[in-house]
Amino acid sequence: GVEGRDVEVHCYDRFEATASECDKAAAQGLPGLYPGQDTLPLVRRFLGAGSRRVAFHKGSVDRAVCPGRPVALQVDDVCKRAPAFLCALRTFSPAWVPGRTVVVLMDFLYFQKHPDDRGLRFQYEFVTSRSSVFSELWRSPATSAVAFRYEGGLDVDNLARSEYKALSERATGGRRRS
């Protein structure tokens, strides 16, 4: 990783509760969350004094802007499908440091819980077809999360349209998500 104390932490999220997130929160003992609620104040409260070291970026991934400094750790808990995943890669991967950046994909194996929705396989197909670019470091025994070290060599901007189409077809079995 990261040396020194000038570590920047950036958190990108829509910070808006969905109905399913409200249900999950209630099951975890946090009742009173409602769909559409701005969750950023809650996040700041839960983080306490630690939130002062975090730059929060509210909005969708397609509007995110990379801070421009090298990224040591990237945790992705939103990009389950091709468009969002490729958008995040185009935005953040130029700041990844070969051999040093760790990328944690929280939904990497999410497709296993939803085998009928083949569109959820894109992230898995993309990463596993690039074993020289991503080295697996850790796999959660209880969730869909997998951590990888970025080894270098990813050129998302020049991802050929034909390769994108082939990956999408392999991930979806040739079907489009309606």
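Residues numbered from 1 in each chain as written. Predicted model: local features only at pLDDT ≥ 70, side-chain atom pairs only at ≥ 80, totals over all residues. Heavy atoms only, no water.

A. How the structure looks around the overall build of the chain. Counting its secondary structure elements, the chain contains five helices and six strands. Starting at the N terminus and ending at the C terminus, the chain contains elements arranged as β-α-α-β-β-α-β-α-β-β-α. Looking at the chain as a whole, 35% of its 178 residues are labelled buried. Counting only contacts in the chain whose residues sit at least 6 apart along the sequence, the fraction spanning at least 24 positions is 66%. A total of about 11,000 Å² of accessible surface is found on the chain, and carbon and sulfur atoms cover 51% of it. (Helix = DSSP H or I, 4+ residues; strand = E, 2+ residues; numbered from the N terminus. Buried < 20%, exposed > 50% of the residue type's maximum accessible area, 1.4 Å probe, protein only. Contact = heavy atoms within 4.5 Å. Areas by Shrake-Rupley, 256 points an atom, 1.4 Å probe, with all protein chains shown as cover.)

B. Main features of the confidence of the model for the chain. When the pLDDT values of the chain are averaged, the result is 87; 86% of them are 70 or greater. Of all secondary-structure elements in the chain, the lowest mean pLDDT belongs to helix H5 (residues 161–172), at 62, while strand S5 (residues 134–139) reaches the highest, 98. (pLDDT = per-residue confidence, 0-100.)

C. Region of interest: the side chain of Asp-76. Here Asp-76 shows up in strand S3 (residues 73–76). Despite being buried, Asp-76 has no salt bridge partner; Lys-80 is the closest side chain of opposite charge, sitting 7.5 Å away. Polar contacts involving the side chain of Asp-76 include one to the main-chain amide nitrogen of Val-78, which spans 2.9 Å. Among the polar contacts listed, one links the side chain of Asp-76 to the backbone nitrogen of Cys-79, at a separation of 2.9 Å. Not counting the four nearest positions on each side in its chain, Asp-76 is found in contact with Phe-85, Ala-88, Val-104, Leu-105, Met-106 and Asp-107. (Lys, Arg positive; Asp, Glu negative; His and termini not counted. Salt bridge = Lys/Arg side-chain N within 4 Å of Asp/Glu carboxyl O. Polar contact = N/O pair within 3.5 Å; in protein donor to acceptor, adjacent residues only side chain to side chain.)

D. Seen up close, the pairing of S5. The pairing of S5 with strand S6 (residues 146–150) spans five bridges and is antiparallel. Directly across from Phe-134, in S6, lies its bridge partner Tyr-150. Turn length for the S5-S6 hairpin, with the two strands adjacent in sequence and antiparallel, is six residues. (Pairing = 2+ DSSP bridges.)

E. Region of interest: the sheet that holds S5. With mixed pairing, four strands are arranged side by side in an open sheet as S3-S4-S6-S5. Edge strands, defined here as strands with exactly one partner in the open sheet, are S3 and S5. Looking at each pair of strands side by side, their axes are set apart by 25° on average, direction ignored. (Axes fitted to C-alpha atoms, helices over the stretch in contact; angles between N-to-C directions.)

F. The arrangement of helix H3 (residues 82–92) in detail. Buried residues dominate H3, accounting for eight of its 11 residues. Residues of H3 that are buried include every one of Ala-82, Phe-85, Leu-86, Cys-87, Ala-88, Leu-89, Thr-91 and Phe-92, and no others.

G. Looking closely at the packing of aromatic side chains. Following the criterion strictly, the structure yields 12 aromatic pairs and no others. Ring centres of Phe-108 and Tyr-124 lie 5.3 Å apart, and the angle between their planes is 50°; on these two criteria the pair is classed as tilted. Taken together, the residues span a long stretch of sequence, with Phe-108 in the loop between strand S4 (102–105) and helix H4 (122–128) and Tyr-124 in helix H4 at a distance of 16 residues. Under the relative-accessibility criterion, Tyr-124 is labelled partly exposed at 24%. Each residue in the set Trp-96, Phe-108, Phe-111, Tyr-124, Phe-134, Phe-148 and Tyr-150 is aromatic and connected to the rest through ring pairs, giving one cluster. When the ring centre of Phe-46 is taken as reference, the NZ or CZ atom of Arg-45 above it lies at 5.4 Å. Above the ring of Phe-126, the side-chain terminus of Arg-130 is found at 3.8 Å from the ring centroid. (Phe/Tyr/Trp six-rings, centres within 6.5 Å; stacked < 30°, edge-to-face > 60°. Lys NZ or Arg CZ within 6 Å of the ring centre and 35° of its normal.)

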